[in-house]
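# Notes for the structure review
So you can see what is in the structure, the chains are spelled out below.
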Amino acid sequence: MDLKARAAAHPDHWSKANAIRALALDAVAAANSGHSGMPIGMADAATVLFEKHMNFDPSAPNWPDRDRFVLSAGHGSMLLYALLHLTGYKDMTLEQIKNFRQWGAITAGHPEYGHATGIETTTGPLGQGISNAVGFAMAEEIQRAHYGKKVVDHYTYVIAGDGCLMEGVSQEAITLAGRHQLSKLVVLWDNNNITIDGPVSLSDRTDQVGRFVSAGWDVIEIDGHDPREIDAALTQAKKNQKPTMIACKTHIALGHAAQDTSKGHGALTNDEQNAAAKAAWGWTTGPFEVPDAVLEGWRAIGARGKSTREAWEARFDTLPRGKRETFNRAYALDVPKKLSATIKAFKKQMSEGAPKLATRASSEKVLEVINPIMPETVGGSADLTGSNNTKTSDLGVFDTDNRGGRYVYWGIREHGMAAAMNGMALHGGLRPYGGTFMCFTDYARPAMRLAALMKIPTVFVMTHDSIGLGEDGPTHQPVEHLAISRATPNTYVFRPADTIETAEAWELALSSKSTPSVLSLTRQGLPTVRTEHKTKNMVAQGGYVLADAIGKRQAILMATGSEVSLAMQARDILHAEGIGTRVVSMPCWELFEEQDEALRKRVLPGGPVRVAIEAGIRMGWDRWLFGERGKREKSGFIGMHDFGASAPADVLFKELGITAEATAQKVRDLVAGNWKPDTRI
Ligand SMILES: Cc1ncc(C[n+]2csc(CCOP(=O)(O)OP(=O)(O)O)c2C)c(N)n1
């Protein structure tokens with residue numbers, strides 16, 4: 001069908017979709033950068049979705065029961081910005097559209113969560129959005145089970161392109177959604193056969209329809225420019241018992257000289273061609289000008305959600321007070337009042353009992369007391385439940401017949417798990433945590449980075465955190481992963497030394513509102529080092545004096561996690577020789593960095609020699625060794641310089657030189673002035 005016939009068949013729809021197309025074309029041309037073709041191609045589907053199906057209210061963008069819209073093909077960000085502007089989100093002014101991709105504008109290159117209202121997630125890295133959306137849909141199911149259909153009953157809609165479907169993470173997401181029959185998840189696939197390098201066939205011959213069907217989805221194939229077909233497909237999708245993929249056959253850069261070519265993917269900046277495209281659409285106004293009648297039509301779409309939202313509020317008010325309070329508290333990311341007292345009581349009990357436990361087991365013990373008082377937690381593991389110790393007795397398992405279950409068997413899908421957990425956190429009302437082995441941080445990392453960037457408090461439980469895992473060998477032994485996590489801005493990396501520090505770390509991770517946490521936990525048993533009960537959360541300080549020097553302070557040992565008890569043993573050895581030695585536990589560098597100078601100076605005064613002990617690479621430690629009043633010639637590092645090996649843990653620590661005796665020897669050498677440069681990583 002040619003464009004004139006399309007316009008004639010549905011004039012009202014056509015002009016609304018044209019408004020999206022024209023704004024996208026103008027904004028990208030003005031910025032001389034961006035992606036014109038996708039918004040132009042998917043404008044029809046987006047128009048029908050927002051006009052006829054989405055429940056949303058621009059005057060209350062965070063209304064909890066709104067439908068969620070995830071632009072997984074985030075490079076087409078102008079599609080979303082145009083929709084937000086046209087439907088009347090206050091902050092998405094025409095000025096912002098005109099300043100697309102400019103410094104200070106909320107219209108960033110990819111739609112960033114937190115920049116503008118109405119953006120549910122940021123999906124620059126392809127495949128993330130569709131994977132986040134699985135978490136959104138799970139969150140909706142869990143919350144509906146907890147609070148009832150009266151107050152939780154919404155859909156998650158996604159626009160995904162060929163790129164999203166090609167990325168491996170999408171396979172994890174799609175199979176999860178299929179397994180769990182997430183029937184309120186609807187993916188609109190922008191089936192335009194074009195990516196940057198050329199036609200999809202250059203690099204793929206997947207039967208996408210067959211792929212989704214085999215994963216347990218319903219698939220509807222339509223002409224993605226026909227509003228009736230789009231509407232009918234969405235209507236059907238909402239009734240389906242399975243998640244639905246709507247394959248929208250579209251033309252990238254519809255009506256433009258670049259239509260159906262990879263040129264159409266990027267920035268269309270040729271004035272003549274752009275003018276010709278507008279003429280082909282029948283769009284006659286100047287740049288950034290939306291005719292009043294069209295804008296009014298769009299604003300009416302934006303206004304229609306208000307009454308639905310108000311009706312929801314009235315229903316919400318009929319919930320029992322306790323339920324309302326828990327719902328609102330969880331959405332506000334506030335912790336229950338009981339949390340602090342619960343953690344204190346637990347710590348007291350543990351410092352008295354002084355158990356020898358792996359911190360992964362400590363973590364389970366902590367979760368056993370937290371999960372019953374925080375109904376918003378959702379735990380899980382990527383097929384390592386027994387190893388990660390993430391499941392507690394009261395959670396129940398999330399499944400098709402138990403939507404209220406708070407434990408997810410994610411399967412062997414670290415990447416998908418991490419992305420879906422982010423989706424749950426972004427949905428609101430839940431606090432997801434999930435586990436895998438620490439070395440598989442690599443597999444979860446893209447989503448971990450986005451959690452940090454989006455400022456959401458997802459908790460990544462990473463067990464088997466060093467050579468201390470032993471016989472599984474170097475493929476499983478993380479060496480560089482602490483450094484990688486610490487290198488990520490806005491991420492708390494907790495490496496607790498015992499059960500007490502583990503409890504404190506969990507309290508902080510679950511109190512965080514805008515920073516994700518990595519909990520780095522051991523496989524091997526560790527003694528309790530915090531045997532004296534302190535009500536204060538010491539991990540909150542990031543680094544603190546665990547045991548001070550006896551006599552003249554000549555050395556400071558800094559350590560984290562399993563190496564804190566080694567430091568304590570080294571201190572005993574050194575004290576027996578009259579070398580006064582302080583042990584500083586540093587479970588969270590980022591929190592220590594936040595302390596004021598005076599406190600950091602009290603913990604790490606200048607003068608004594610300093611040795612850091614950590615069964616990971618040195619990267620990052622130099623800051624604490626010879627920054628912060630330290631001196632290079634008075635510092636040393638005991639840790640890893642290469643990958644590990646397969647052997648029992650105690651043999652590995654001995655063979656690789658991470659021992660109390662090696663630490664004591666390093667201190668003796670430094671105290672005697674025998675410093676040797678160490679250029680290894
Ligand atoms: C993980 C990741 N890899 C690469 C890119 C760069 N990139 C942005 S869009 C794109 C092509 C996407 O093709 P498609 O989804 O078909 O979008 P369309 O051409 O239809 O706009 C690529 C490779 C990215 N954003 N994320």
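A brief look at the structure comes next. None of these values were measured; they are calculated from a predicted model.

## Focus: the sheet that holds strand E5 (residues 244-249)
- Taken in spatial order, the 5 strands make up an open sheet running E1-E2-E3-E5-E4, and their pairing is parallel. Looking at strand neighbours, the two that pair on one side only are strand E1 (68-71) and strand E4 (218-223), the edges of this open sheet. Along the sheet, successive strands turn relative to each other by an average axial angle of 20°, direction set aside.
- Across 5 bridges, the pairing between strand E2 (residues 156-160) and strand E3 (residues 185-191) is parallel. The partner of isoleucine 159 across the bridge, within E3, is leucine 188.
- Taken strand by strand, helix H10 (residues 227-239) contacts E2, E3, E4 and E5, and its axis lies near 170° from that of E4.

## Details of the site of the ligand
- The environment of the ligand is formed by 16 residues, the closest being His75, Gly163, Asn192, Ile194 and His265.
- Between isoleucine 194 and the ligand, the recorded distance is 2.6 Å, taken from a backbone N or O atom to an oxygen atom.
- For the ligand, whose free accessible area comes to 590 Å², the fraction covered by protein is 75%.
- Considering only residue class, the shell around the ligand consists of 6 nonpolar, 7 polar and 3 charged.

## With respect to the packing of helix H22 (residues 562-576) against helix H27 (residues 660-671)
- Relative orientation of the contacting elements H22 and H27 amounts to 55°, with a least axis distance of 8 Å. Taken together, the axes of H22 and H27 are oblique relative to one another. When the axes of H22 and H27 are compared, the crossing they make is right-handed. Contacts between H22 and H27 involve Leu566, Gln569, Ala570, Ile573 and Leu574 from the first element and Ala660, Glu661, Thr663, Ala664, Val667 and Arg668 from the second.
- Here the contact of H22 with H27 is built from residues that sort into 7 nonpolar, 2 polar and 2 charged.

## As for the pattern of salt bridges
- On inspection of all chains with the given rule, the structure shows 37 salt bridges.
- Salt-bridge contacts for arginine 66 lead to glutamate 120; the nearest nitrogen and oxygen are separated by 2.8 Å. Taken together, the positions of arginine 66 in the loop between helix H3 (37-53) and E1 and glutamate 120 in the loop between helix H5 (94-98) and helix H6 (128-147) put the pair 54 residues apart, joining distant regions of the chain. The burial state of arginine 66 is the same as that of glutamate 120; both residues are buried.
- With its nearest N and O atoms 2.7 Å apart, the salt bridge here joins arginine 329 to glutamate 376. Taken together, the residues span a long stretch of sequence, with arginine 329 in helix H14 (residues 321-331) and glutamate 376 in the loop between helix H16 (359-370) and strand E7 (377-381) at a distance of 47 residues. Of the two residues, arginine 329 and glutamate 376, both sit in the buried class.
- Among the charged side chains, a network of salt bridges with common partners joins Glu140, Glu141, Arg144, Lys149, Asp153, Lys184 and Arg403.

## A look at the side chain of threonine 122
- Residue position: threonine 122 is located in the loop between H5 and H6.
- Take threonine 122: its relative accessible area is 5%, and that puts it in the buried class.
- There is a polar contact of 3.0 Å between the side chain of threonine 122 and the backbone oxygen of proline 111.
- If sequence neighbours within four positions are ignored, threonine 122 has contacts with Pro111, Glu112, Tyr113, Asn132, Leu450, Leu453 and Met454.

## A few points about helix H12 (residues 292-303)
- Across its 12 residues, H12 extends 16 Å between first and last C-alpha, which sits within 8% of the 16 Å expected from 1.5 Å per residue.
- When we look at burial in H12, the residues that qualify are Val294, Gly297, Trp298, Ile301 and Gly302. Projection of H12 onto a plane perpendicular to its axis shows the buried side chains occupying an angular sector of 145°, all on one side. For H12, the exposed residues set more than 90 degrees away from the buried face come down to Asp292, Ala293, Glu296 and Ala303.
- Looking at the buried residues of H12, the elements they touch are helix H2 (11-31), H3, helix H4 (77-87) and helix H13 (305-317).

## Focus: unusual backbone geometry
- Even without glycine at this site, asparagine 32 takes up a positive phi of about 60°.
- Considering the arrangement of structural elements, one finds asparagine 32 in the loop between H2 and H3.
- In this structure asparagine 32 comes out as exposed when scored by relative accessible area, which is 55%.
- Of note in this structure, aspartate 260 is not a glycine but carries a positive phi near 65°.
- Inspection of the secondary structure assignment puts aspartate 260 in the loop between E5 and helix H11 (271-281).
- With relative accessibility at 37%, the residue aspartate 260 sits in the partly exposed group.

## Quick look at the packing of aromatic side chains
- Applying the stated rule across the entire model yields 19 aromatic pairs.
- Ring centres of phenylalanine 316 and phenylalanine 327 lie 5.0 Å apart, and the angle between their planes is 55°; this geometry places the pair in the tilted category. Of the two residues, phenylalanine 316 is situated in helix H13 and phenylalanine 327 in helix H14; the sequence distance between them amounts to 11 residues. Phenylalanine 327 matches phenylalanine 316 in its accessibility class, with the two residues each being buried.
- Every member of this aromatic cluster is reached through a ring pair, and the members are Tyr147, Trp312, Phe316, Phe327 and Tyr331.
- Across the ring face of tyrosine 155, the terminal group of lysine 184 is positioned such that the distance to the ring centre comes to 5.0 Å.
- A cation over an aromatic ring shows up here: lysine 391 above the ring of tyrosine 407, its NZ or CZ 5.9 Å from the ring centre.

The rules behind these values
Numbering of residues starts from 1 in every chain and runs along the sequence as written. For a predicted model such as this one, the threshold for reporting local features is a pLDDT of at least 70, and the threshold for listing and counting side-chain atom pairs is 80 or more; totals across whole chains, interfaces and linings nevertheless cover every residue. Values shown for side chains rest on all heavy atoms present in the structure; no hydrogens or waters enter the calculation. When DSSP finds two or more bridges between two strands, those strands count as paired. Note on conventions: DSSP H or I runs of at least 4 residues are helices, E runs of at least 2 residues are strands, and numbering of each starts at the N terminus. The axes used here are C-alpha line fits, helices contributing only the stretch in contact, and every angle between their N-to-C directions lies in the interval 0 to 180 degrees. By definition, residues are in contact when any of their heavy atoms lie within 4.5 Å. Whether a residue is near a molecule or strand depends on its heavy atoms: if one lies within 4 Å, it is near. Whenever a nitrogen or oxygen atom comes within 3.5 Å of another N or O atom, the pair is scored as a polar contact, on the condition that within protein one atom can donate a hydrogen and the other can accept it, and that pairs from neighbouring residues in sequence are kept only if both atoms are in side chains. Accessibility throughout is a Shrake-Rupley quantity obtained with a 1.4 Å probe, and a residue counts as covered only by protein chains that appear here. Three categories are distinguished: nonpolar for Ala, Val, Leu, Ile, Met, Phe, Trp, Tyr, Cys and Pro, charged for Asp, Glu, Lys and Arg, and polar for the others, with Gly belonging to the last. Should an angle fall under 35 degrees it is called roughly parallel, over 145 degrees roughly antiparallel, and 65 to 115 degrees roughly perpendicular, with every other angle called oblique. Put simply, a crossing is left-handed when the front helix is turned counterclockwise from the back one by less than a right angle, and right-handed when it is turned clockwise. Criterion for a salt bridge: a side-chain nitrogen of Lys or Arg within 4 Å of a carboxyl oxygen of Asp or Glu. Three exposure classes are used, based on accessible area relative to the maximum for each residue type with a 1.4 Å probe and protein chains only: buried under 20%, partly exposed in between, and exposed over 50%. Expected span of a helix: the number of residues minus one, times 1.5 Å. Arc definition: it is the arc formed by the directions from the helix axis to the C-beta atoms. Pairing of aromatic side chains requires ring centres within 6.5 Å, counting the rings of Phe and Tyr and the six-membered ring of Trp. Pairs whose planes differ by under 30 degrees are stacked, by over 60 edge-to-face, and all others tilted. Note on geometry: a ring has a charge over it if NZ (lysine) or CZ (arginine) is within 6 Å of the ring centre and within 35 degrees of the ring normal.

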